[in-house]
Amino acid sequence: FGGLCSGRHHKAMLRSETMKRGTLVLPAERAELFVEVLGKEAFLEIIDMNSTSMQRQYRRQLQRIDELERQLRRMGELLDEAIPEAPPPADATAFLQQSHRFRLEDVEREVLSSYNQLMKFQDNNEALKAQEQRAIEERFVAFVASTALAQTSSVPVVENDAALAAESLLAHAAGGLQIKLGTIAGVISSASAHRFAATIFRATRGNTYTHFQAIPVKLRDAHGAFVDKSVFAVYFQGVATSRMSQQVSRICDAFGCNLYEWPADGAAARRRVTQLEELVHDKKQAMSAFDRFLEEEGRALLEVPCGGKNSKLCEWHLFLRKSKAVFATLNLFEGSTTLRADCWYPANEEEAIRTLLMRQSQAHGCSSSPMLLSSTFGSDVLPPTYLRSSDLVSPFQQLVDTYGVPRYKEINPAVFTIITFPFIFGIMYGDVGHGLVLSLFGMRLCYASAEPKESLLGSLFFARYLFVLMGFFSVYAGLMYSDFLSVGLNLFGSSYSEVPQTPQQEKDGITEFQLNGAPYPFGLDPAWHGSQNELLFVNSLKMKLSVLFGVAQMFLGNCLKIANSINGRNPIDLFFEAIPQTLFLLCFFGYMDWMIMYKWVLPIEQMPASDRPSILNTMITMFMAQDNKQPLYDGQDGFQNILLLILVCCVPMMLIPKPILLWQAFQRKQLAAQVRRAQFDDLELQEYGNAESETLSAELSEEFDAGEIVIHQLIETIEYVLGTVSHTASYLRLWALSLAHGQLAGVILQKILLPAFAVPLPWNGLAIFCAFPLFALATTGILCFMDVLECFLHALRLHWVEFQSKFYHADGKEFAPFRLATVLADHD
């Protein structure tokens, strides 16, 4: 939790730091150096000066870097195949400390040399793989040929169709017909074999015979994927140069078949099989040598030198990312010999930035010095919002920024959300046991900094303090409800004691309790757990607590709106929006909350039942302007009339004055512009330049849309008046979810675990042993996962809608300085 005050400027968490706009002027010959130094040590957001012209002076350097990154990616793919171990992680901080040692030309030369060498060997390896593939396919063709040719010269009992066809044709030739039998053989994908045979049959009108023999191993196709292939042999009448042979060859080419020579006889086929087996063995040895070379080269590139932090390949990656970010920033500048660009920067760092530029200029002997010139900006230009953060604030800031970035100098809701968000969550999730589980999970996350970001613990590491606080306030609310896994806690001893039963009560099984002495020190008295009217009492208590906490948070939002109006020097919003809205809330629901708390300390039990006050009836008589027959205190009717009068007056105060005052302010501004215009003649306008003339013309040409202002203010007033009621009712979800959580935990306990305890000896041990895993599984899956998510989303909605709508505009622009550490961290 010390992270809340860590960092150099922890005071800028509540509001944005004061920002200034300036012009950064850099000499072109050293611009890359200055931008790199500013990216390391300063906080500047460079504004794009070429957004309309789209003139990018450093696009060629970016193209070179893109090409080098492509080469590194390809090298990385090859090394990943050769070395399965994960490469060492990159250390961006260590690299930035020595990044001045690298130059783009030197890195380009080294990368290109390594890339060309690897690609040369890779091409040779691909050629070896292709040769091995063809050798393996031809070996299977030769093996099929040796079998077929051996069978044609054997006894008439044949074993396959190929031998039968060959024997038949040879028999016709022996009978005196001069038939020359031709054969075209090769390898084809097994999936295309049927279509191939049908095409051959139709194209040759049945004058060929095609035989297929499946290859027992998978082979690569043209795309490198392993598929099933088959050896085929097409028998036809004619020689290799005949028309039939050419027609079959064209069909084979169309199907992408690999054709191989059919041996003349069985002996030649067997010799070819032996030769091809030796060739495949030689190719495998050559490819093994390439794999060894690739592994040695990869380990050399991935090895971290002694005393270093990053490997050579990692340094190349980091340098290219850094250079790409620097040149992309330089593209935002305009000018040729001198580069200029407008920028935003924190006002308290202006002198530090100028000192940094002068020191670098003197160290490198620049002919012209860089400059940071401060400039003014108009009221219509909204500076970016710069909020310092820390490990504790960061997850809550992300919750707020998801809704919208705070406007410049607007109060940052994240500072208050650190407490209010886990507190609201704890009210809904209140249970000591479940809160402890959530807290322990958050504490485990605090030690998960070394976990991979892809893992569950690593991905939730940034939210570790959020889980700890949600668990802490859940335990707090559980102690307030006296709930531990839906079992009542009796830490201080109950303040109630049993009253002796009457015969009728004993017959009906009713036991009464009475309060003895002081009430229970903290939280709900455990005597209420298990009582017949427990649900009625706990419902009333939690409902009133929900309204109390909700009105308190909305009142905080109204107070923050008053603070924003004072800080922004906006008296119109202060006196005719913020203060009337606050009075409206206090006189309505604030008064109701006071009555709830006052009634708690009032000894109502001593009053007659007919005289006991009702808060609901009191609110009705207040707005009906009727006499309250059951007053809560003396003079209640007169005080409520005053509150009702203030309520009625707040509505026109929010609705009418602001549009009128805005119109009067516009008229005064127009009159002042006309007076200034009349004070300048043509000569003076030339002396002051066109800027003054353009400013006056812009002011005189402004228009005031009164209708739009009035409609907007009417909508704002109606939305606030109705929203006060609906938002207060929305906080009743705290009561509903707290009740649902307690009842669900009770059901899981009573239906799963308690029946196991009721089993008689000696089987109760076995029953508990079997029931406890089911109880733990149901508690973890339903209450520690689903209910946590549900309560989280409801707490988020209460902050976004009910709380932040009171004061938060959320239309700011986040300050995005050029920081090399951030650039390199985002690419890890």
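Scope of this entry: the structure provided in the associated data block.

Definitions and cut-offs
Residues numbered from 1 in each chain as written. Predicted model: local features only at pLDDT ≥ 70, side-chain atom pairs only at ≥ 80, totals over all residues. Heavy atoms only, no water. Core = buried A, V, L, I, M, F, W, Y, C linked by side-chain atoms within 4.5 Å. Buried < 20%, exposed > 50% of the residue type's maximum accessible area, 1.4 Å probe, protein only. Contact = heavy atoms within 4.5 Å. Pairing = 2+ DSSP bridges. Helix = DSSP H or I, 4+ residues; strand = E, 2+ residues; numbered from the N terminus. Axes fitted to C-alpha atoms, helices over the stretch in contact; angles between N-to-C directions. Salt bridge = Lys/Arg side-chain N within 4 Å of Asp/Glu carboxyl O. Patch = residues over 30% accessible without salt bridge, like charges linked within 9 Å, V, L, I, M, F, W, Y side chains within 5 Å. Areas by Shrake-Rupley, 256 points an atom, 1.4 Å probe, with all protein chains shown as cover. Phe/Tyr/Trp six-rings, centres within 6.5 Å; stacked < 30°, edge-to-face > 60°. Lys NZ or Arg CZ within 6 Å of the ring centre and 35° of its normal. Polar contact = N/O pair within 3.5 Å; in protein donor to acceptor, adjacent residues only side chain to side chain.

### Remarks on the nonpolar core
Counting 71 residues, the largest nonpolar core has Phe-421, Phe-425 and Met-470 as its most contacted members. Not counting residues up to four positions away in its chain, the partners in contact with Phe-425 are Leu-438, Met-470, Ser-474, Val-788, Cys-791, Phe-792 and Ala-795. Counting residues in each nonpolar core, the second largest holds 60 residues, with Leu-104, Val-107, Phe-319 and Ala-325 among its members.

### Points about the sheet that holds strand E4 (residues 208-214)
Read from one edge to the other, the open sheet built from four strands follows the order E4-E7-E3-E8, with strand pairing classed as antiparallel. Either end of the sheet is taken by a strand with one partner, and the two such strands are E4 and strand E8 (258-260). On average, adjacent strands in this sheet sit at an angle of 25° to one another, irrespective of strand direction. Of the pairings in the sheet, the one linking E4 to strand E7 (residues 229-237) comprises seven bridges and is antiparallel in character.

### Side note on the pattern of salt bridges
One pass over the structure, following the stated rule, counts 30 salt bridges. In this structure, Glu-41 and Arg-359 form a salt bridge, with 3.6 Å as the shortest nitrogen-oxygen distance. In this pair, Glu-41 sits in helix H1 (residues 31-41) while Arg-359 sits in helix H10 (residues 350-364), placing the two residues 318 residues apart along the sequence. Here Glu-41 falls in the partly exposed class, since its relative accessible area comes to 47%. Salt-bridge contacts for Glu-577 lead to Lys-561; the nearest nitrogen and oxygen are separated by 3.3 Å. Of this pair, Glu-577 sits in helix H18 (residues 571-601) while Lys-561 is found in helix H17 (residues 534-567), placing the two residues 16 residues apart along the sequence. Among the ionic contacts, a cluster of salt bridges with common partners joins Lys-20, Glu-350, Glu-351 and Arg-354.

### Here we look at the sheet that holds strand E9 (residues 338-346)
If you walk across this open sheet you meet the four strands as E2-E9-E1-E10, and the pairing is antiparallel. Only two strands of the sheet have a single neighbouring strand rather than two, namely strand E2 (45-46) and strand E10 (371-375). Here five bridges tie strand E1 (residues 19-27) to E10, and the two strands are oriented antiparallel to one another. Along E10, the bridge assignment pairs Val-25 with Met-371. The sheet contacts of H10 involve E1, E9 and E10, and relative to E10 the element is tilted by about 155°.

### Comments concerning a nonpolar patch on the surface
A surface patch of nonpolar side chains, amounting to about 400 Å² of accessible area, comprises Tyr-476, Leu-491, Phe-492 and Phe-522. By the element assignment, Phe-522 lies in the loop between strand E14 (513-515) and H17. The exposure class assigned to Phe-522 is partly exposed, which follows from its relative accessible area of 34%.

### Brief notes about the packing of aromatic side chains
On inspection of all chains with the given rule, the structure shows 36 aromatic pairs. When the centroid spacing of 5.6 Å and the interplanar angle of 40° are considered together, the rings of Phe-95 and Phe-102 count as tilted. Relative accessible area serves as the criterion here: at 0%, Phe-95 is assigned to the buried category. Geometrically, the ring pair formed by Tyr-235 and Trp-262 is edge-to-face, given 6.2 Å between the ring centres and 85° between the ring planes. Here Tyr-235, found in strand E7, pairs with Trp-262, found in the loop between E8 and helix H8 (266-302); they are 27 residues apart in sequence, far enough to count as distant. The class for Tyr-235 is buried, based on a relative accessible area of 6%. Taken together, the ring pairs in this structure connect Phe-423, Phe-472, Phe-473, Tyr-476, Phe-522 and Phe-549 into an aromatic cluster. One Lys or Arg, Arg-139, reaches over the ring of Phe-140 and ends 5.3 Å from the middle of that ring.

### A word on the environment of Tyr-731
Within the fold, Tyr-731 resides in the loop between helix H24 (706-730) and helix H25 (733-757). For Tyr-731, a relative accessible area of 0% translates into the label buried. Separated by 64 residues in the primary sequence, Tyr-731 and Ala-795 place their C-alpha atoms 9.6 Å from one another. Leave out the neighbours within four places in its chain, and Tyr-731 touches Ser-546, Gly-550, Gln-553, Met-554, Leu-798, Glu-802 and Phe-803. Engagement of the side chain of Tyr-731 in a polar contact is seen with the side chain of Gln-553, the distance being 2.6 Å.

All we've got here are geometric facts, nothing functional implied.
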